[in-house]
Amino acid sequence: MAAHRSCRPVWLFILCSFSLFIIAGSQETTVAPEQHASVLDNPQTAAETAEQTAGESGGVEERRWEGTEVRDAAAQKQAEPAVLQPTPQPKDDFQEELVVRPLHSGDIYASFQFRTLWETDFMRGNKVSHYRLFPKSLGQVISKFSVRELHISFTQGYWRTMQWGQPYLPSPPGAELWVWFQDSVTDVDATWKELTNVLSGIFCASLNFIDSTNTVQPSASFKPLGIGNVTDHRFLRYATLPREIVCTENLTPWKKLLPCGSKAGLAVLLKSEKLFHSSFHSQAVHIRPVCQDWQCKTTSWELRQTLNVVFDLHNSGQGKREWSLFKMFSRTLTEACPLASSSKIYIDITDNPEGEQFELSPATSLLSQAMVLGDRRTFSVYDLTQQDTFGSVRSLNLLIRWKSTEGDMLRPLLHAERYVAGYGLQTGEIHTLMYNHHPYRSFPVLQLDSVPWYLRLYIHTLTVTSKGKDNKPSYIHYQPSKDRVRPHLLEMLVQLPPNSVTEVTVQFERALLKWTEYTPDPNHGFYVGSSVISSLVPSTVAMDTNSTRERPLFSSFFPCKEESSYFVRVYTEPLLVNLPTPDFSMPYNVICLTCTVVAVGYGSLYNLLTRSFQIEEPSPGLAKRIANVIRKMRGVPPL
């Protein structure tokens, strides 16, 4: 107990010493409460204290700030050339639009436009690894194959220009593909073949059937639609598959390229069973470099996905001439795509200024005017990014009720037709009719014809007539075909007189194919791609030549270089030509007859040679058999 009591003063001494040590250290690093109160009460004293503190450590602080200033100056000097040549960060933007145009024929024309802009550079071989809105599959295609522009379309049906007017984006029946490659590509044909195989897998189409026999190099018809006006047509390839069938398996990968897919925005209306139950359906993908400003200091890549469809609601058994989003697509709109910066619906009301032809509900006070195909059109606009557009029910179902069927459609200024004449299966004649409906203006058109090699053209029989007189083309580019290697290519620049019909005729001879070159249904015939008519048509209003000005997507695809004219591309009908076809049933008949003769003749001879003959006695009767049994029991020989 005494030892334990003697230890207590020692522990108390150690604790007191430790507490004094802590208090002394805190006084060196902190301000006493009295000093802190005096500093708050007297700011001048605080300033003097700060000056003294700065004076004590002035040298170190001055060197530190000097070093920082030197580093900032060096960084500024290094950043000066970056200011002269800025390197903007990659940015992307997505917009979606739906244009609805009631047609005078009672049909409804709906055009979807989806545009994705991305400020990046694929042309310099830069590897892009991060994709946000731009689909990665197409970005890799552009980088790998050095693509400058790519335009592909899949169309089911034929656009009836005289009944429906001009479409916003034309396309021929079947599949069409034309690509501009960069000048760094050494072997364009090999790159083109590999590109078609890749695109065939992306869009689940038969583009792998594109080869040298249906590929041409136009010299003037297909110019680049983006920046960089390349005129070397060696880097251009154009091909069509007029017999390509468009169905759901082509629409599904097309919708997957959209940032929101088919889950939100306008893409929810793309229901396959409704789209393909229509008079006309066309889906396309266009990729090109465009300018961001009018000086074109900043460029970006534009991906434009378009889908055009014409519904025949007046003659489909509806009973009354009206339409709505639900009747056309079996769905209504509830929201815009969250990734879209702009989501709008345009209803063309140019022919209904006072509401005397049809009634649009719900009504909107937002109107817009745009220059479309040389005409000033008026549209009712519905902005899906505004919550007021959907109303209290959170659903938008546009409805048009027709009041009158009267009204005249503005006839297109340029129209073209095509057909095959002649009789027999040896020779024939191709007729192309081009109509100029302008009352007093003539304008030139550029015609492109790609004819398969098995229709051997007689180019010396080419004639061009207008109003019963010869019309000599001012430019002709003809590339003859080679059997089983390449098709015919004919390009002509023809002047169309006002209010006239210009007819182009050329004779051909049908070739006899090998029996392995015929299709599975040879009697159906062989398709010849549409003729392409390109022209600058005179405009009734001044066109806008500023391509960077904000405009609706459906009116800003083709660049406009002149205020007095606008660009129009027209496709004619594809041709269906019969070729000399052997009787493919004859081999079947020969096989059947041969097998019958072999079976009957050889079978009978074989039986005669291999069969053995034996004499068989007739069996005894019942009484005889019983008698033999009794005789056998008695030990007597049988009868």
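These figures come from a predicted structure and were not determined experimentally.

How each quantity is defined
Residues numbered from 1 in each chain as written. Predicted model: local features only at pLDDT ≥ 70, side-chain atom pairs only at ≥ 80, totals over all residues. Heavy atoms only, no water. Pairing = 2+ DSSP bridges. Helix = DSSP H or I, 4+ residues; strand = E, 2+ residues; numbered from the N terminus. Axes fitted to C-alpha atoms, helices over the stretch in contact; angles between N-to-C directions. Core = buried A, V, L, I, M, F, W, Y, C linked by side-chain atoms within 4.5 Å. Buried < 20%, exposed > 50% of the residue type's maximum accessible area, 1.4 Å probe, protein only. Contact = heavy atoms within 4.5 Å. Disulfide = S-S within 2.5 Å. Salt bridge = Lys/Arg side-chain N within 4 Å of Asp/Glu carboxyl O. Phe/Tyr/Trp six-rings, centres within 6.5 Å; stacked < 30°, edge-to-face > 60°. Lys NZ or Arg CZ within 6 Å of the ring centre and 35° of its normal. Polar contact = N/O pair within 3.5 Å; in protein donor to acceptor, adjacent residues only side chain to side chain.

1. A few points about the sheet that holds strand β11 (residues 358–361)
Overall, antiparallel pairing links the three strands, which are arranged β9-β14-β11 in an open sheet. The open sheet is flanked by β9 (322–324) and β11, the only strands paired with a single partner. Across the sheet, the axes of successive neighbouring strands diverge by a mean angle of 10°, strand direction being ignored.

2. Some thoughts on the nonpolar core
In terms of nonpolar packing, the biggest core is built from 89 residues, with L333, I345 and I347 touching the most fellow members. For this core, the element with the highest residue contribution is strand β4 (residues 174–181), accounting for six residues. The contact partners of I347, leaving out residues within four places of it in the chain, are V100, W323, L360, T378, F379, S380, Y382, L398 and I400. Grouped together as the second largest cluster of nonpolar side chains are 34 residues, L413, L496, V537 and Y566 included.

3. Observations regarding the state of the cysteines
Per the stated rule, a full pass over the model turns up one disulfide. Between the sulfur atoms of C260 and its disulfide mate C337 the distance is 1.8 Å. Taking the sign of the S-S torsion, 70° for the link of C260 and C337, the bridge is right-handed. Of the two residues, C260 is situated in the loop between α8 (248–256) and α9 (272–275) and C337 in the loop between α10 (325–329) and β10 (342–348); the sequence distance between them amounts to 77 residues. When sorted by exposure, C260 lands in the same class as C337, which is buried. With no disulfide of its own, C204 has C247 as its nearest cysteine by sulfur position, at a separation of 7.4 Å.

4. Here we look at the pattern of salt bridges
Going through the model one piece at a time under the given rule, you end up with 13 salt bridges. For D189, the salt bridge goes to R237, with nearest N and O atoms at 2.9 Å. In this pair, D189 sits in helix α7 (residues 188–203) while R237 sits in strand β6 (residues 236–241), placing the two residues 48 residues apart along the sequence. The exposure class of D189 is partly exposed, given its relative accessible area of 47%. Salt bridges sharing common partners tie together R115, R288, E302 and R304.

5. Side note on the sheet that holds strand β22 (residues 500–510)
Taken together, the five strands give an open sheet; going across it, the order is β15-β16-β22-β18-β19, and neighbouring strands pair in antiparallel fashion. Because the sheet does not close on itself, it has two edges, and the strands there are β15 (414–421) and β19 (469–470). In this sheet, β19 lies alongside strand β18 (residues 455–466) in antiparallel orientation, the contact comprising two bridges. Directly across from T465, in β19, lies its bridge partner D470.

6. So, the pairing of strand β21 (residues 488–496)
Regular strands place their side chains on alternate faces of the sheet. In terms of burial, β21 is a largely internal element, seven of the nine residues being buried. Two strands pair when backbone bridges link them, and strand β17 (residues 443–451) and β21 are joined in this way by nine bridges, in the antiparallel orientation. Considered in β21, the bridge of Q447 is made with M492. As paired strands, strand β20 (residues 475–479) and β21 are joined by five bridges and run antiparallel to one another. Considered in β21, the bridge of Q479 is made with L489.

7. Structural notes on the environment of R441
Among the structural elements, R441 can be located in the loop between β16 (427–436) and β17. Measuring from C-alpha to C-alpha, the distance between R441 and V537 comes to 9.3 Å, with 96 residues separating the pair along the chain. Discounting residues that sit within four places of it in the chain, R441 has contacts with N436, P498 and P538.

8. Regarding the packing of aromatic side chains
Aromatic ring pairs are defined here through the distance separating the ring centres and the angle between the ring planes. Tallied over the full model, the rule gives 21 aromatic pairs. Taken together, F94, F112, F114, W254, F311 and F329 form an aromatic cluster joined through their ring pairs. Residue placement shows R101 over the ring face of Y168; its charged tip is 5.3 Å from the ring centre. The side chain of K144 reaches across the aromatic face of F145, ending 5.7 Å from its centre.

9. A look at the pairing of strand β24 (residues 532–538)
The buried count for β24 comes to six of seven residues, which makes it a mostly enclosed element. Sheet analysis places β17 next to β24, joined by four bridges and oriented antiparallel. Residue pairing in the sheet places L448 in a bridge with V532 of β24. As defined by bridge partners, β24 adjoins strand β25 (residues 565–571) across seven bridges and the pair is classed as antiparallel. The residue bridging V532 from the neighbouring strand is Y571, located in β25.

10. Here we look at the side chain of E302
As for its placement among the helices and strands, E302 is situated in strand β8 (residues 299–311). A polar atom in the side chain of E302 sits 2.7 Å from the side chain of R288. Only 3.0 Å separates the side chain of E302 from the side chain of R304, close enough to count as a polar contact.

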